[in-house]
Amino acid sequence: MASTPLSLILLTLNIQLLLLLSPQTNAQTPSAPAPSPPGLVNLTGILDKAGQYTTLIRLLNETQVGNQIENQLNTSTEGMSVFAPTDNAFNNLKAGAINNLTDQQKVELVLYHVTPKYYSLSDLLTVSNPVRTQASGGSGNWGLNFTGKGNQVNVSTGVVVTQINNPLRQQFPLSVFQLDQVLLPEELFGTNPPGSPPPPAKSPSGSPSTTTNSAAGTPPPKSAGGRNLVGWGLAFGLGLVCMGALS
């Protein structure tokens, strides 16, 4: 019988011990995993999903500008904005407008469609023109000018003016806007557009042979009237000589 109180005491101690350990057990229980960080921004993936940007994607890959943009996006605190011409926009260009560009000029053309700062559509109504692009910093301006009112925003390069249409993405750090025209910078297409025929060479004022003939040319042939006058003059002179001899 004496063992019964001892058993009750041990049981009570065990229950208290379990109650004391239970919070620690709960604290050591692994919590739910934290949400994974958002995926890296994939510009070409956004364009590919939207469709009708095959030419722009090809240029982004050929020039390596696509990789450069994505690397900067994932480390930038300012974000970026991309103005994306559709395939129809490229198809409406004059023949050779893109193919006649050098590799460096193609890089500059693609960079001209990117600003080193994130802008929403409403931001573009209040920016200070001209807005710098990724092509800015070298020779020339390489800037964009934005105008508009309400929900309509136009962008001008000095060569073309087009409306900014459907935003494909407006979420920091990247905004992507659809364009129906390619942004042609004055630095490449303003004076002598690539693919245009060279201006005709000025004709010389006179060829060497013409100049030589003019300076030391043969005298013009005498006319028939001139020869007749000379003949009559000789005959008249002989007549006078004969009359003088007879007298």
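Residues numbered from 1 in each chain as written. Predicted model: local features only at pLDDT ≥ 70, side-chain atom pairs only at ≥ 80, totals over all residues. Heavy atoms only, no water.

Draft legend 1. Broad picture of the overall build of the protein chain. Summing up its helical and strand segments, the protein chain has nine helices and six strands in all. Sequence-distant contacts, at least 24 apart, represent 64% of the contacts inside the protein chain between residues at least 6 apart. Counting every atom, the protein chain has about 16300 Å² of accessible surface; 58% of that belongs to carbon and sulfur. (Helix = DSSP H or I, 4+ residues; strand = E, 2+ residues; numbered from the N terminus. Contact = heavy atoms within 4.5 Å. Areas by Shrake-Rupley, 256 points an atom, 1.4 Å probe, with all protein chains shown as cover.)

Draft legend 2. Quick peek at the pairing of strand 4 (residues 152-156). Residues Val 153 and Val 155 point to one face of strand 4 and are all buried, whereas Gln 152, Asn 154 and Ser 156, pointing to the other face, are not buried. The antiparallel hairpin formed by strand 3 (residues 145-149) and strand 4 contains two residues in its connecting segment, where Gly 150 sits at a positive phi of about 70 degrees. Note: strand 4 against strand 5 (residues 161-171), three bridges, orientation antiparallel. Within the sheet, the bridge partner assigned to Val 155 lies in strand 5 and is Thr 162. (Buried < 20%, exposed > 50% of the residue type's maximum accessible area, 1.4 Å probe, protein only. Pairing = 2+ DSSP bridges.)

Draft legend 3. Structural context of the nonpolar core. Counting 50 residues, the largest nonpolar core has Leu 47, Phe 83, Leu 124, Phe 146 and Ile 164 as its most contacted members. Discounting residues that sit within four places of it in the chain, Phe 83 has contacts with His 113, Thr 115, Leu 124, Leu 144, Phe 146, Ile 164, Phe 177, Leu 179 and Leu 183. (Core = buried A, V, L, I, M, F, W, Y, C linked by side-chain atoms within 4.5 Å.)

Draft legend 4. Molecular detail of empty space enclosed by the protein. Summed over all chains, the structure comprises two cavities of 30 Å³ or more. Here the largest cavity is characterised by a volume of approximately 40 Å³. Contributing to the lining of the largest cavity are Leu 43, Leu 56, Leu 60, Ile 69, Val 82, Phe 83, Val 110, His 113 and Val 114. Listed by contribution, the elements that provide at least two residues to the lining of the largest cavity are helix 3 (54-63) and strand 1 (80-85). The residue inventory of the lining of the largest cavity, partitioned by class, reads eight nonpolar, one polar and no charged. (1 Å grid on protein atoms, 1.4 Å probe; cavity = no way out; pocket = protein on both sides within 12 Å on 5 of 7 lines; lining within 4 Å. Points joined across faces, edges and corners; volume = space filled by probe spheres on them. Nonpolar A, V, L, I, M, F, W, Y, C, P; charged D, E, K, R; others polar.)

Draft legend 5. Focus on the side chain of Thr 86. Mapped onto the elements, Thr 86 comes out in the loop between strand 1 and helix 5 (87-91). Residue class for Thr 86 comes out buried when judged on its relative accessible area of 4%. Setting aside anything within four residues of it in sequence, one finds Thr 86 in contact with Gln 52, Tyr 53, Gln 178, Leu 179 and Asp 180.

Draft legend 6. Just the sheet that holds strand 1, in detail. Pairing in this open sheet of six strands is mixed, and the strands run 2-1-6-5-4-3 from one edge to the other. The open sheet has two free edges, formed respectively by strand 2 (114-115) and strand 3, since each of these has just one partner strand.

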